Each structure stands twice: as structure tokens, then as C-alpha cells.
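# Structural overview for review
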Amino acid sequence: MRRKIFIGSSIVISVLMIAGIFFSLPYYVSKPGIAKELSPIIQVEDGNEGKGSFMLTTVRMGRANIYSYVEAKLFDYVELYPVEAILHETETQDEYNARQLHAMAGSKLNAIEVAYKKAGYPVEYEYKGVYVVQVVPDMPAEGKLRAGDRIIMVDGQKFDSSENFIEYVGKKKADEQIELTLKRNGKTKTVLVTVKPFKEDPKKIGIGISLVDDKDISVNPNVTVKTDEIGGPSAGLMFALEIYDQLMEEDFTKGYQVAGTGTIDSKGAVGPIGGIDQKIVAADKAGAEIFFAPNEKGSSDSNYKLAVKTAKEIDSKMKIVPVDLIDDAINYLQNLPMK
């Protein structure tokens, strides 16, 4: 009898432990990811190699189970977020993943454009439209557009940038309709969407989407950027620095292990990201000596300020460097002595 009770209890405990892995809680958990060297990921044809390295930093994020929930409660730099803080009201996990991958694609394009222009190389474009990366709940696009849709025409007209698209839609009057021609799953379709004022800014008119340019960039020498399943726009700055370094004869790494984070736009401006404290932990574990952090023009709650705070908390010897533009990072590296 005791043997049966023991076996039965063991089975129940095993089932509960397995269920704890697969049972999802209404939270997402994020934790420090990795700091990964960019030279194997980015290859400029006949590009120069530095003695040091540039590294992108990542955050690991996934749906919380019982074990990861407990981990977040017990350990520093492991954070919990309600599902609604990550997924929009009607957004599925697949749509979220698509949004992150499109954001990464836009980040790569901006990085290539900025790096080549900064290095003095011409850049040519083939513009295809805009990708929808987010549909805002309770706005006209909800239910008509999806993350991943590629809008190729508005009112039968092509446009040559996301700025042009936004400007065109913004000039409409509230309750006017626009006709969008889009591609979804390889098929072309047309939808009518009514423009409305934004709740947070009633003077601004729109349909309620976030978007990124869908364009091909032609450069010489050629560059390949292999990101696999890495999502989000936060590696933009480091992509641009790695490409620029390979294009230039000067070694901008100066022999140092250089990590960092931050979005980058087509003008070279660096923007803030999430999880900066977790990325500091990841970079420190990887042996980074320098970390570029978005300065947000000196804002009191900037990424840079939190990065400095986190570095002190973990007793890191990394030099945290504030950047608002890619030029800030390049100038800092130019003034470094060779290691």
C-alpha cells in the first residue's frame, strides 16, 4: 500500500511539475539576454576587420510560466509585464512577432543607409510601400488592417516614403474615407478606411497604425546582415557602427569590446529602447568594456541614466557613454587611444 501511495504521489508531483512548464500565466517575463559579436552577422564585401569588436545586446522575453514567475519575484533584473503591456488588445502572438521582425528589418535598412552615407558611399533605393507593424485599438484601421500588411497605394496613388503617406493621410478631414491598396499573404486587396482624430491629440488625423518603410537599398560594396529571428529595432546603432567600421580603413574598435543599444533613424539619430538595465547585465557578463546608451537629450529618466545606475549596482567596470547621434559614438571612438 505504501508503495502504491509513493508511486501515486510521485506521478502527481511529476504531472504538476510538467504542467508548471506548459501552463502560461497572464504575464510576459524578460531577463538579460546575450551580447553578441556583430562581425559574424554583418559582412561588407572586402570590408576591413578591427582588432576589437562591436556587440549587440539582447533581452530574453517570453510568456511566463510558474517557474519564470517565481524567478522574477526572487531575482534582480528579471521583470514581469502584464500581457496587455506587450500585446495590443486584438494582437496575437504571431502578429507581435511579425511586428518585431518588421521593426528589425527597418532598423537594418536605416543602419545601412546611415553607415554608407557617413562613409561617403552612394545609396540607391527601390521603394515598395510601407509595412504595418501595429494597429492601434479603437482606431479606424482596427479590423481592417493587420500587422504585416504592406500598403502599396493610397487613393490609387503610390508614395515614396512613410513620411509622404503620413502627410497625405494627415491632410484629410475627420470622417473622410481613404482607399488603401495592400498586399497580405501574397494577395492584393483594397480596403476603405475612415480617418479619425487621435484621442491623445485630437488635432492630429489618422487611421491608427504604426509603420515602417518597405524598401530595398542598393549599395556598393555589397553588405549582408543576417539577423535570423532577432526582433525589434534596438540594434540599429550597433549595426550602423559595425558597417561603418568595415567600410573605413581606420579601426574604430581600437581593440576594445564595444557594446551598446539604441534605435537609429535614417538621419543617424539614436532613440531609446526597453530593458536597458538587462542589456547592461548581458554586456557586462560578455566582457564589454564600453557601452553606448541612448541619452535622450539629457532627460532625467533617460536610458543613459538607468544604464549608469545599473552598472554601479552590479559593480561593472564598463564605461557607459551617452549618445544622441551616431556621430557621438564615432567621435568618442576616434578619440580613444589604441588598446
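What counts, and at which threshold
- Residues numbered from 1 in each chain as written.
- Predicted model: local features only at pLDDT ≥ 70, side-chain atom pairs only at ≥ 80, totals over all residues.
- Heavy atoms only, no water.
- Buried < 20%, exposed > 50% of the residue type's maximum accessible area, 1.4 Å probe, protein only.
- Helix = DSSP H or I, 4+ residues; strand = E, 2+ residues; numbered from the N terminus.
- Arc of directions from axis to C-beta.
- Contact = heavy atoms within 4.5 Å.
- Pairing = 2+ DSSP bridges.
- Axes fitted to C-alpha atoms, helices over the stretch in contact; angles between N-to-C directions.
- Left-handed = near helix turned anticlockwise from the far one by under 90°.
- Salt bridge = Lys/Arg side-chain N within 4 Å of Asp/Glu carboxyl O.

## Brief notes about helix α5 (residues 162–170)
- For α5, the complete set of buried residues consists of S162, F165 and V169. The arc that holds every buried residue of α5, seen down its axis, measures 60°, which confines them to one face.
- The inward-facing, buried residues of α5 abut β5 (124–135), β6 (150–154), β7 (177–184), β10 (201–206) and β11 (209–218).

## Notes on the sheet that holds strand β8 (residues 187–194)
- Read from one edge to the other, the open sheet built from five strands follows the order β8-β7-β6-β5-β11, with strand pairing classed as antiparallel. Edge positions in the open sheet fall to β8 and β11, since each of these has one partner strand only. Pairs of neighbouring strands in the sheet enclose a mean axial angle of 40°, with direction left out of account.
- Relative to β11, β5 runs antiparallel, the two sharing ten bridges. Residue pairing for β11: E126 is matched across the bridge by D216.
- In the packing of helix α4 (residues 93–118) onto the sheet, contacts are made with β5 and β11, and the angle to β11 comes to roughly 45°.
- Lying over the sheet, α5 contacts β5, β6, β7 and β11, oriented at roughly 145° with respect to β11.

## What about the packing of α4 against helix α6 (residues 236–247)?
- Between α4 and α6, the least distance of the axes is 8 Å, while the angle of their chain directions is 35°. The handedness of the crossing between α4 and α6 comes out as right-handed. Here M104, S107, K108, A111, I112, A115, Y116 and K118 of α4 lie close against α6, whose contacting residues are G236, F239, A240, I243, Y244 and L247.

## Describing the pattern of salt bridges
- Applying the stated criterion across every chain yields a total of 13 salt bridges.
- Between D216 and K128 there is a salt bridge, and its shortest N-O distance comes to 2.9 Å. Of this pair, D216 sits in strand β11 while K128 sits in strand β5; the two residues are 88 residues apart in sequence, bridging distant segments of the chain.
- Judged by its relative accessible area of 35%, D216 falls in the partly exposed class.
- Of the charged contacts in the structure, one is a salt bridge between E289 and K339, with a shortest N-O distance of 2.5 Å. Of this pair, E289 sits in the loop between α7 (276–285) and β16 (290–294) while K339 sits in the segment after α9 (326–334); the two residues are 50 residues apart in sequence, bridging distant segments of the chain.
- On the basis of relative accessibility, which here comes to 58%, the residue K339 falls in the exposed class.

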